[in-house]
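Geometric and topological summary
The primary structure of each chain is shown beneath.
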Amino acid sequence: MKLEFHKIRRLPPYVFEQVNRKAAELRAAGADIIDLGMGNPDLPTPKHIIDKLCETAYKPKANRYSASRGIPGLRRAAAAYYDRRFGVELDPNKHIVATLGSKEGFANLAQAISAPGDVIIAPNPSYPLHTFGFLIAGASMRHIKANSPEEYLAGMDKAIRHSVPKPTAMVLCYPANPTAQVADLDFYKEAVRIAKQHEIWILSDLAYTEIYFDDPPPSVLQVEGAMDIAIETTSLSKTYAMAGWRMGFAAGNERLVAALARVKSYLDYGAFTPVQVAAAAALNGPQECVVEMREIYRSRRDVLIESFTRAGWEVPSPRASMFAWAPIPEEFRHLGSLEFSLRLIEQAHVAVAPGAGFGEYGDGHVRIALVENEQRIRQAARNIRRFIEAGPNNSEPVISAGE
Ligand SMILES: Cc1ncc(COP(=O)(O)O)c(C=O)c1O
């Protein structure tokens, strides 16, 4: 019997798992871990959305298989959102497909478009799915070191010229996970120009587009002609604090949407209808809740930057997303991001995501998620101050019992 599976050999264990395991171990021993690791929203889903879910769940046919492509009302709500937010007109029947979150949409898009040996361009560091989704689908990756959108574009030309065979798609993700970088419309114009010149599809992940702290981030579909080559996956997870609901949609080029819809038609029957109805209510309903959540993230960001700076850790202030992308303090940098993160959790009881989990060029950083309240972020900063003061040679906890 074959015990080594081809695909599994290409999937290293999730780097974050090591920190999660350590967190579980310490918690079991009674430690209070301040978890700034996973980007799992801690805010409650707004009440009117939950009410709509409950109301719909009681309807006689709610229990039946739903529509894999998404119920028409949800696709119409998604089109209305694109029109309102980006001034982009979409046909709900041709340009939109509902997904079980942005993650599932992106993963199945990778399945839909990749053939073995195809080359896909992705930034490094990146959200793991943006590379491993294609590796699972049998494609090969061309990584471009990209700590900013400018760096990504700068490396693109060389990557395309030196790829054999020529790339078939490029991945964009702004606001970015993990770097929290934001792209402007000029970036998207240039990306579309390059993609058209080389006949490359654009797959854009817009999961954080509503979590911003200055100008609203644009969509690639705003660029003239982008509909010829681009698709975007979008999510309700962060915008409406609905991560566990598994709801999102993909929008854009008709051929790409049809390809994704075709794959999905073999794999799923769509999200539970009440979830889709509630998602439509979220998109069509009052948006004050989104503004309120954004302000909470903004306040947390400000507290994090201010309190971490006072603790001796200079962290650049993110303009969007629910993350700060923090260079490892100089005296700890030689440890690398995994060892640094393990020591931080063991000694200071603060969990962060090691940058190496997002690719080799992420190893000098850790990602800090804004998923604990301000008081807890301040507590994390106090622990971190002691951790930094104790220095890289320390091996003892810096938290006193009961603190
Ligand atoms: C860039 C990016 N895309 C997609 C996702 C997953 O989103 P969803 O919950 O919509 O699947 C995440 C979640 O962390 C993410 O960071």
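One structure accompanies this document, and this report is about it. It should be emphasised that the depicted structure is a prediction, and the values quoted were computed from it without experimental measurement.

Cut-offs used in this document
Residues numbered from 1 in each chain as written. Predicted model: local features only at pLDDT ≥ 70, side-chain atom pairs only at ≥ 80, totals over all residues. Heavy atoms only, no water. Disulfide = S-S within 2.5 Å. Near = heavy atom within 4 Å. Polar contact = N/O pair within 3.5 Å; in protein donor to acceptor, adjacent residues only side chain to side chain. Areas by Shrake-Rupley, 256 points an atom, 1.4 Å probe, with all protein chains shown as cover. Helix = DSSP H or I, 4+ residues; strand = E, 2+ residues; numbered from the N terminus. Nonpolar A, V, L, I, M, F, W, Y, C, P; charged D, E, K, R; others polar. Pairing = 2+ DSSP bridges. Buried < 20%, exposed > 50% of the residue type's maximum accessible area, 1.4 Å probe, protein only. Contact = heavy atoms within 4.5 Å. Salt bridge = Lys/Arg side-chain N within 4 Å of Asp/Glu carboxyl O.

Here the focus is the state of the cysteines. On inspection of all chains with the given rule, the structure shows zero disulfides. Considering cysteine sulfurs only, Cys54 is the nearest to Cys289, which forms no disulfide, with 16 Å between them.

Attention now moves to the site of the ligand. Lining the immediate surroundings of the ligand are 14 residues, of which Asn177, Asp205, Tyr208, Ser235 and Ser237 lie closest. Between the ligand and the protein, one listed contact pairs a nitrogen atom with a side-chain N or O atom of Asp205 at 2.6 Å. A distance of 2.5 Å separates an oxygen atom of the ligand from a polar side-chain atom of Tyr208. When isolated, the ligand has an accessible area of 400 Å², and the protein chains bury 92% of it. With three residues, the single largest contributor to the shell around the ligand is helix α5 (residues 101-113). Residue composition of the shell around the ligand, grouped by class: four nonpolar, six polar and four charged.

Next up on the list: the sheet that holds strand β9 (residues 323-327). Overall, antiparallel pairing links the three strands, which are arranged β9-β12-β11 in an open sheet. The sheet is open, and its two edges are formed by β9 and β11 (353-354), each paired on a single side. Pairing geometry for β11 and strand β12 (residues 365-369), over two bridges, is antiparallel. Paired with Ala353 across the bridge in β12 is Arg367.

Take Ser68: it is sitting in the loop between α3 (47-57) and α4 (72-86). By relative accessible area, which is 15% here, Ser68 ends up buried. Within the structure, the side chain of Ser68 is placed 3.4 Å from the backbone oxygen of Lys264, a separation counted as a polar contact. In this structure Ser68 touches Ala98, Lys264, Ser265, Asp268, Tyr269 and Gly270, once residues within four positions along its chain are discounted.

This part covers the environment of Phe358. Within the fold, Phe358 resides in the loop between β11 and β12. Taking the C-alpha atoms as reference points, Phe358 and Tyr14, separated by 344 residues in sequence, lie 9.8 Å from one another.

Moving on: the pattern of salt bridges. The tally for this structure, following the rule as stated, stands at 25 salt bridges. For Lys189, the salt bridge identified is with Asp186, shortest N-O distance 4.0 Å. With Lys189 and Asp186 both in helix α8 (residues 185-198), this residue pair falls three residues apart, about one helical turn. Given the relative accessible area of 53%, Asp186 is considered exposed. One salt bridge in this structure joins Arg376 and Glu372, with 3.0 Å as the shortest N-O distance. One network of salt bridges, in which partners are shared, links Lys22, Glu25 and Glu346.

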